[in-house]
Amino acid sequence: MPLRVIVGVAGGIAAYKAVSVVREFVRRGHHVTVIPTGSALKFVGLPTWEAISRNPVPTDLFEGVAEVRHVALGQQANLIVVCPATAHTLASIAGGFAGDLLGTTLLAATAPLVLAPAMHTEMWENPAVQANVETLRQRGVLFVGPDSGPLTGDDSGVGRMSEPETIVNFALSSLTPQSLEGKRVLISAGGTREPLDPVRYLGNRSSGAMGVALAEAARLRGAHVTLVHSHVEVPLPHGVDTVAVSTAQDMLAAMAAAQPTHDIILMAAAVADWRARTLSPQKLRKADQPEYWTPELERTPDILAQLGETKTTGQLLVGFAAETDGDASQRESNARMKLKAKKSDALVLNLVGDQVGFGEVETAVTLITASPQSLTFEGTKSSVAGRLLDALPEL
Ligand code: C5P
């Protein structure tokens, strides 16, 4: 579900990193309103906030009075993040000051409030700042960071704002039931590449976005995640263990090695079904080949089927099946056969083609289990991934 997120930005140099926080919330499909303080606008200007959030950015307490904006934004918010939270802003929030739009918004809000402090070490350690932090913690305000590392100028130490992705994950976890806490989830993502010679390969158009979205969603739900990825075109998530592989054979080795220590296995990768029977050690020269020729191919190992054979009791194995044709009932009956053949507990069926399914786009998937009922989820890959994981405990 898209959330209404307010990102308050205070006047510190880390404001430039808050741009990435906003971008990451938007990338995950949330509606973001940025409320910069007057000093924040000295670091990063209004057009940047509007362009990145794709929403108008209110700055003045006396604008939008007819809509009672000074409280409406706070009342409607599902989540509020202030980054960077400067020493001055921490003091204002702790003191309940309402002299600007961020102040009134925070006082009117009941949504979880996450603060990402950023300041020099001496300021962070100052008893006045620590007392404000303590007051806010006691009121249930959540803190992410500060980290230790390079600060502005030559200084280094505690006070560096947490990385944008860490802030977003932390904030979203505060709203997400920790339904997978203590669980270990193994996910494969991306498309394998099967070499024909040192420069050419057989591959597919998988971007790995679905597997990455599943990894993010599992981590947000408190799981320990291992992501086995092959040629993924989207950024890999933070806070998960990653294993890079290239071919189906590599992926089989990585998945089989990790299988015994994981509770849930999601085989979202698009594994090539064939590979060259013999790999040419040199580049195949065009001049040496006839006009028409057929490379001799052989089947790759079926990783999901092999994991199905070695699955232990209580372990949950989920396969994916991308289909490009057939009617819905035909696709579902194919998927049911595949579910049995590969000894999986569930199969996620999705339609792919030139215009649908690949990359960060709207998608629709159907979850098929041994039960005759199937469940269909539609939305962005992030929201579909979350809903798939929320359906797992039923299994
Ligand atoms: O048989 P099909 O390729 O349609 O099955 C798709 C499912 O099987 C996916 O979960 C995919 O990751 C997995 N698969 C596999 N090894 C293969 C081919 C597919 O694990 N060689």
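Residues numbered from 1 in each chain as written. Predicted model: local features only at pLDDT ≥ 70, side-chain atom pairs only at ≥ 80, totals over all residues. Heavy atoms only, no water.

Engineer: What should I look at first to understand the nonpolar core in this one?
Structural biologist: The nonpolar side chains of a soluble globular protein tend to be buried, and buried together. Within the largest apolar cluster, 33 residues are counted, with the highest numbers of intra-cluster contacts made by L214, L266 and L388. Every element with two or more residues in this core is listed here: strand 8 (184-190), helix 10 (209-220), strand 11 (224-230), strand 13 (264-267), strand 16 (316-323), strand 17 (346-351), strand 18 (362-369) and helix 14 (381-391). Top element by residues in this core is helix 10. It accounts for seven residues. Beyond its immediate stretch of four places on either side in the chain, L388 contacts M210, L214, V348, V365, L367 and F377. By size, the runner-up hydrophobic cluster in this structure holds 32 residues, among which are L3, V5, V57 and C83. (Core = buried A, V, L, I, M, F, W, Y, C linked by side-chain atoms within 4.5 Å. Buried < 20%, exposed > 50% of the residue type's maximum accessible area, 1.4 Å probe, protein only. Helix = DSSP H or I, 4+ residues; strand = E, 2+ residues; numbered from the N terminus. Contact = heavy atoms within 4.5 Å.)

Engineer: Just checking my understanding: could you explain the side chain of R221 for this structure?
Structural biologist: Tracing the backbone through its elements, the reader meets R221 in the loop between helix 10 and strand 11. At a separation of 3.0 Å, a polar atom in the side chain of R221 contacts the main-chain carbonyl oxygen of A217. Among all residues touching R221, those that are not within four sequence positions of it are T176, P177, Q178, S179, L180, E181, G386, L389 and D390. (Polar contact = N/O pair within 3.5 Å; in protein donor to acceptor, adjacent residues only side chain to side chain.)

Engineer: Can you walk me through unusual backbone geometry in this structure?
Structural biologist: Where the residue is not glycine, phi is negative for most of them; where a peptide bond is considered, it is trans in most cases. A cis amide bond links C83 to the next residue, P84, at an omega of -10°. Tracing the backbone through its elements, the reader meets P84 in strand 3 (residues 79-85). A positive phi angle, near 55°, is found at H231, a position not held by glycine. Inspection of the secondary structure puts H231 in the loop between strand 11 and strand 12 (241-244). For H231, a relative accessible area of 28% translates into the label partly exposed. Located in the positive-phi region is K343, a residue other than glycine, with phi close to 50°.

Engineer: Would you explain the packing of helix 5 (residues 87-95) against helix 8 (residues 127-138) in this entry?
Structural biologist: Any two packed helices are characterised by the angle at which their axes cross and by the distance between the axes. In the contact formed by helix 5 and helix 8, the axes pass within 9 Å of each other and the chain directions differ by 45°. Taken together, the axes of helix 5 and helix 8 are oblique relative to one another. By crossing handedness, the relation of helix 5 to helix 8 is classed as left-handed. Together, A87, L90, A91, I93 and A94 of helix 5 and V129, N132, V133 and L136 of helix 8 make up the contact between the two elements. Residues of the contact of helix 5 with helix 8, tallied by class, amount to eight nonpolar, one polar and no charged. (Axes fitted to C-alpha atoms, helices over the stretch in contact; angles between N-to-C directions. Parallel < 35°, antiparallel > 145°, perpendicular 65-115°, else oblique. Left-handed = near helix turned anticlockwise from the far one by under 90°. Nonpolar A, V, L, I, M, F, W, Y, C, P; charged D, E, K, R; others polar.)

Engineer: So what exactly am I meant to see when it comes to the pattern of salt bridges here?
Structural biologist: Where charged atoms of side chains with opposite charge meet at close range, the side chains can pair. Enumeration according to the criterion identifies 17 salt bridges in this entry. Note that E298 and R275 form a salt bridge whose closest N and O atoms lie 2.9 Å from each other. Taken together, the positions of E298 in strand 15 (residues 297-299) and R275 in strand 14 (residues 274-276) put the pair 23 residues apart, joining distant regions of the chain. On the basis of relative accessibility, which here comes to 25%, the residue E298 falls in the partly exposed class. Here the residues in one salt-bridge network are E24, R27, R28, E165 and E216, joined through shared partners. (Salt bridge = Lys/Arg side-chain N within 4 Å of Asp/Glu carboxyl O.)

Engineer: So what exactly am I meant to see when it comes to the sheet that holds strand 16 here?
Structural biologist: One key point about sheets: their strands pair by backbone hydrogen bonds, in either a parallel or an antiparallel sense. The strand order across the open sheet formed by eight strands is 12-11-8-13-16-17-18-19, and the pairing between neighbours is mixed. Each having just a single partner strand, strand 12 and strand 19 (374-380) make up the two edges of the open sheet. Going from strand to strand, the sheet's axes swing by 20° on average, the running direction of each strand aside. Both strand 8 and strand 13 contribute to a ladder of four bridges, which runs parallel. (Pairing = 2+ DSSP bridges.)

Engineer: When you look at the domain arrangement of the protein in this model, what are you seeing that I'm missing?
Structural biologist: How big an interface is tends to be expressed through the accessible area that disappears when the partners come together. Assigned domains within the protein: domain 1 (4-173) and domain 2 (184-394). A C-alpha centroid distance of 38 Å is found between domain 1 and domain 2. The interface is formed by seven residues belonging to domain 1 together with six residues belonging to domain 2. Looking only at domain 1, the three residues that lose the most surface to domain 2 are R27, R28 and E165, adding up to 57% of its buried area. Between domain 1 and domain 2 we count two salt bridges in total. E216 is the salt-bridge partner of R27, the closest N and O atoms lying 3.0 Å from each other. Counting only elements with at least two residues in the side of domain 1 that touches domain 2, the list comes to helix 1 (15-27) and helix 9 (164-173). Here the element with the most residues in the side of domain 1 that touches domain 2 is helix 9; it accounts for four residues. For the side of domain 1 that touches domain 2, the residue count by class is one nonpolar, two polar and four charged. (Domains from an automatic or database assignment. Buried area = accessible area lost by both parts, 1.4 Å probe.)

Engineer: What's the story with the environment of G239 in this structure? I'm lost.
Structural biologist: Its location among the elements puts G239 in the loop between strand 11 and strand 12. For the pair G239 and V225, spaced 14 residues apart in the sequence, the C-alpha separation amounts to 8.1 Å.

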